[in-house]
Structure formats: structure tokens, C-alpha cells
Amino acid sequence: MELDKQSAEHQATILLVDDESINLSIFGQFLTPHYQVLVATNGERALQLAGSRPKPDLILLDVMMPGMDGYQVIGHLKADPNTLDIPVIFVTALSSDLEEERGLLLGAVDYIYKPCHLSILLARIKTQLELKNARDWLKDQNAYLETEVQRRYLENQAVHLQLLQSEKLAAIGQLAAGIAHEINNPIGFVNSNLNTLSGYLRDIFCVLDAWGAALNENPISIETQQNLRELKQTKQLDYLRGDIPELIAESREGLSRVRDIIQDLKDFAHVDKNDWELGDLHKGLDSTLNIISNELKYHCTVHRQYGEIPQISCILSQLNQVFMNLLINAAHAIETKGDIHIRTGCTEQEVWVEISDNGKGIAPENLSRLFEPFFTTKPVGKGTGLGLSISQNIVRKHGGRIEVASELGQGSRFRVWLPIQAPNLSSSE
Ligand SMILES: Nc1ncnc2c1ncn2[C@@H]1O[C@H](COP(=O)(O)OP(=O)(O)OP(=O)(O)O)[C@@H](O)[C@H]1O
Ligand SMILES: [Mg+2]
């Protein structure tokens, strides 16, 4: 369709080259109603017209001419990039297969013997012009496609740069969300301890007020003494004496974890600082369990089955974050009541810490996605989906790995493997 339209719109130009003017006149008269016709009586003039405007769409070329013959003319035409693509039909009285072969080998598209039937000549010209149009069209399309490919390549590069930029922003957002996540837990339980402490203080002041009132009696009546004893019992002063220091110690630990995280942020800027230490993982597990006991104590029974393990070189505060994430995940997986087992052990080179639960388990299709940042099956507001991805980063930094096994409806087991000898890394990596 496109090709027909093109040929209809554009009247083709034919260059006739013949040293005999009678031939030029016959062909010229016959072709003029169909095409724009140019004529040349020798090779030199033919080359001149072929290289100027309007450029011929096809050349009818005589072979035998004085001076430059047809074969030489086609040689020049094919050597010049400007005229190379003009189709040439030889029209000659030289009737021999060898001559025809020679002409075709030199690049002619057709070979016609004189005298020829003019309507056949017209049909062959038409065919060659259509072929040329098709070639020209393909060439234009190729050129268009090449520029289009180039344009899209540049466009893609711009999009790629934009993506890199937004990935960077996402990474910063992820970092901030991660920090918020790690700070949120200790802040939560320090807050709840403060609430408990303020309740305790109310009780203590209530007892103190009663004592103050009693001191006004002289002597203190038996009944008041009995009341005071009962009040001391109701307010569980003996229990408070033990629990208050524990609450304060736990809150201190929580705050020091927040301080550690802030320290981590500072370390981020001070790349030369080294926080690696010989850490006792059992101590780390115990302190983490204390911190999150509020999350666990109502519906989980925690079983500690610690093996004999050496201290390992690590950043203990970070490993505590890993244990905290795994334990809280286990607690969340237990919907009503269940058990969490913490086991530890070692090989010659590595120690392992395993946290398993008999909660709802993980669907097989989710197993490979657990460590992706923001992957969560929890409702909005309950989970950010960062716990495991942060934990994996920490464990990898320690040269270790996390293994997972889970069965839907049965429970899950996360095993953290850590080398006893830390890799040669600094805390800032
Ligand atoms: N012990 C487990 N039992 C069942 N599913 C688990 C367990 N641990 C992790 N998962 C699944 O893995 C998902 C990702 O865990 P991850 O700790 O990374 O994020 P989260 O717990 O959803 O949110 P966040 O820890 O950021 O508050 C969870 O949403 C849950 O579907
Ligand atoms: Mg989690």
C-alpha cells in the first residue's frame, strides 16, 4: 500500500543512453507519457546526468558506444556511492549469452536485446522501478529504525539514571525505617516499665501516707498497726522491693540498646571505629529475652537448651537485634499458646543459635521471599517486613548465614550460623 502510494505520487525519471539518435527518439517518444525522460548520447554525458538532479530512477544503457562503452559506464556508476543504487538495464544489439552474463555480473538488473517489443520494455522498466521503490522504502525504514533505536537507548539511559536515583532514596528510606524499627522495641518496653513503676510508686506513697498518719497516734493503736500490716501486704511491698530494681535494670538495658543504635549511626560516619568484641551469645540471648519478655510471657513458654559454645568475635549488640527479631517473629507466629525453643551448639569453626516455634509456619511460596526488605504477611501497622532483612545483613556482616525450615501449621526453625573467628571486617561495613 505504502509502496503503491509512493510510486503514484512520484513520476520516475529515466535516463536513456544511446549513441544512435534514432533509438533515443523511439524510446523517448514511447516513454515520455509515463516517465520524465533524460537523454545522453555518450558515456561521459550519461555519468554527468546520473550524478546531478533530478537523479534518474533507472538507466537504459546501450553497450556499444564510441569512446566509453556501456560496461565502462556501469563500472563508474557502481563505483560512485551517489549513483551506485540506480538500477541499470542494458539495451543492446549484442545478442550473446556471454555478453549478457558480463553485463549482469557488472551489476545490471536486466539485459534487453534490440530491437525489442516496446510494451515488454515498458513492463520490465515498471518491474525494476517497483523493486527500486521497495529497496528505497526499506532503506528509509532502516534509517528510521536506527534513529528510533538510538532515541530509545538514550531514553532508557535517562530512565535508568532516574531509577538509580530513586533506588538510592529508597535505600536511605529503608535505612531510616530499619532504625525506627530497632528503636521502637526497646522504647516500647521501657515505656511499659515506666507505667508499671508509676503504679508501684502510687502504692508505695499510699503506704507511706498511712505510716505518716499512724505516727500522729501516740501510742499507735493495735487496730492501726493491723491496718498497716494489711496495707503492706495488699500493696505487695516485698514483691515490689524485688521487682523495682529489675524493672529499672531492664529499662536501663533498653535505653542502652537505643544508645547503641545511635552509636551505630555515629559509627556509620566514623568508618575507622572497631566495635568487635569477644561476645557471649548466651548472655546476649538472656538479655534479649528479658527485654522482650512482655511480648512473650503471656502466650509463649520459652525453653532454653544451651549447649557448650565458645565466645565468638562479634558485635554483640547487633546479634542481640537478630535474636530479638527472630524471637518476636516466633512469638507472632504463635496465635494462641505455644512453645519457643532456643538451642545453641557449635562445630570446630562455627557456632549456631536456633530459634524454633510451633506456630503457624510459613507457606512454601513465601520461604524464598522472607529476607526481602518489606516482605511481610502481617497486617498494616503490625509488621514492616524489615526484621529478617536487617537480621540477614547483620549475620552476613559477621560472615555467617541464616537457615530456615518450616512447615505450614507445624512451626518454623531459624538457625543462625556464625564463625567463631570473625571475618576481617570492620563494624562500619
Ligand atoms: N517464625 C515465623 N513463623 C511464621 N512466619 C514467619 C516467622 N518468621 C518470619 N515469618 C514470616 O516472614 C515475614 C517477614 O518477617 P520479618 O521479620 O522480616 O518482617 P515482619 O515480622 O513481618 O515485620 P517486622 O519484623 O519488620 O516488624 C513475616 O511477615 C512472616 O510472614
Ligand atoms: Mg519481624
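Residues numbered from 1 in each chain as written. Chains lettered and ligands numbered in written order. Predicted model: local features only at pLDDT ≥ 70, side-chain atom pairs only at ≥ 80, totals over all residues. Heavy atoms only, no water.

(A) Spatial organisation of the nonpolar core. Judged by nonpolar contacts, the single largest core of 39 residues is most densely connected at L281, I312, L319, I340 and L418. Residue assignment for this core shows that the elements contributing at least two residues are α9 (281-291), β8 (312-314), α11 (316-333), β9 (338-346), β10 (350-357), α13 (387-397) and β12 (411-419). The greatest single-element share of this core, amounting to ten residues, is contributed by α11. A46, V63, I74 and A108 belong to the second-largest nonpolar core, a separate cluster that totals 21 residues. (Core = buried A, V, L, I, M, F, W, Y, C linked by side-chain atoms within 4.5 Å. Buried < 20%, exposed > 50% of the residue type's maximum accessible area, 1.4 Å probe, protein only. Helix = DSSP H or I, 4+ residues; strand = E, 2+ residues; numbered from the N terminus.)

(B) Looking closely at the packing of α11 against α13. Viewed as axis vectors pointing N to C, α11 and α13 meet at an angle of 145 degrees, and their least axial separation amounts to 9 Å. Helix-helix and strand crossings are classified by hand; for α11 and α13 the assignment is left-handed. Contacts between α11 and α13 involve Q318, L319, Q321, V322, N325, L326 and N329 on the former and, on the latter, G387, L388, I390, S391, I394, V395 and K397. Grouping the amino acids of the contact of α11 with α13 by side-chain chemistry returns seven nonpolar, six polar and one charged. (Axes fitted to C-alpha atoms, helices over the stretch in contact; angles between N-to-C directions. Left-handed = near helix turned anticlockwise from the far one by under 90°. Contact = heavy atoms within 4.5 Å. Nonpolar A, V, L, I, M, F, W, Y, C, P; charged D, E, K, R; others polar.)

(C) Structural context of the site of ligand 1. Inspection of the region around ligand 1 gives 20 residues, with N329, T376, T377, K378 and T384 positioned closest. The contact in question runs from an oxygen atom of ligand 1 to an N or O atom on the side chain of N329, over 2.7 Å. The contact in question runs from a nitrogen atom of ligand 1 to an N or O atom on the side chain of D357, over 3.0 Å. Protein coverage of the free-state accessible area of ligand 1, which is 590 Å², stands at 94%. (Near = heavy atom within 4 Å. Polar contact = N/O pair within 3.5 Å; in protein donor to acceptor, adjacent residues only side chain to side chain. Areas by Shrake-Rupley, 256 points an atom, 1.4 Å probe, with all protein chains shown as cover.)

(D) The arrangement of the packing of helix α3 (residues 43-50) against helix α4 (residues 70-79) in detail. Orientation of α3 relative to α4, taken along the N-to-C sense of each, is 25 degrees, at an axis distance of 10 Å. By the angle between their axes, α3 is roughly parallel relative to α4. Here the hand of the crossing between α3 and α4 comes out right-handed. Taken together, the residues of α4 that come into contact with α3 (itself represented by G43, L47 and A50) are V73, H76 and L77. (Parallel < 35°, antiparallel > 145°, perpendicular 65-115°, else oblique.)

(E) Just the pattern of salt bridges, in detail. The tally for this structure, following the rule as stated, stands at 20 salt bridges. For D18, the salt bridge goes to K114, with nearest N and O atoms at 2.9 Å. With a gap of 96 residues between them, D18 in the loop between β1 (13-17) and α2 (21-31) and K114 in the loop between β5 (110-113) and α6 (118-215) connect regions that are remote in the sequence. Neither D18 nor K114 differs from the other in exposure class; each is buried. With a shortest N-O distance of 3.4 Å, K114 and D62 are connected by a salt bridge. Of this pair, K114 sits in the loop between β5 and α6 while D62 sits in the loop between β3 (58-61) and α4; the two residues are 52 residues apart in sequence, bridging distant segments of the chain. (Salt bridge = Lys/Arg side-chain N within 4 Å of Asp/Glu carboxyl O.)

(F) Region of the structure containing the packing of aromatic side chains. Under the definition given, this model contains three aromatic pairs. Ring centres 5.5 Å apart and planes at 70 degrees place the aromatic pair Y71 and F90 in the edge-to-face group. Here Y71, found in helix α4, pairs with F90, found in strand β4 (residues 88-92); they are 19 residues apart in sequence, far enough to count as distant. Classification of Y71 as buried rests on a relative accessible area of 6%. On the basis of an interplanar angle of 65 degrees and a centroid distance of 5.7 Å, the ring pair of Y111 and Y113 is categorised as edge-to-face. We classify Y111 as buried; its relative accessible area is 3%. Against the face of W352 rests R415, its NZ or CZ located 3.8 Å from the ring centre. (Phe/Tyr/Trp six-rings, centres within 6.5 Å; stacked < 30°, edge-to-face > 60°. Lys NZ or Arg CZ within 6 Å of the ring centre and 35° of its normal.)

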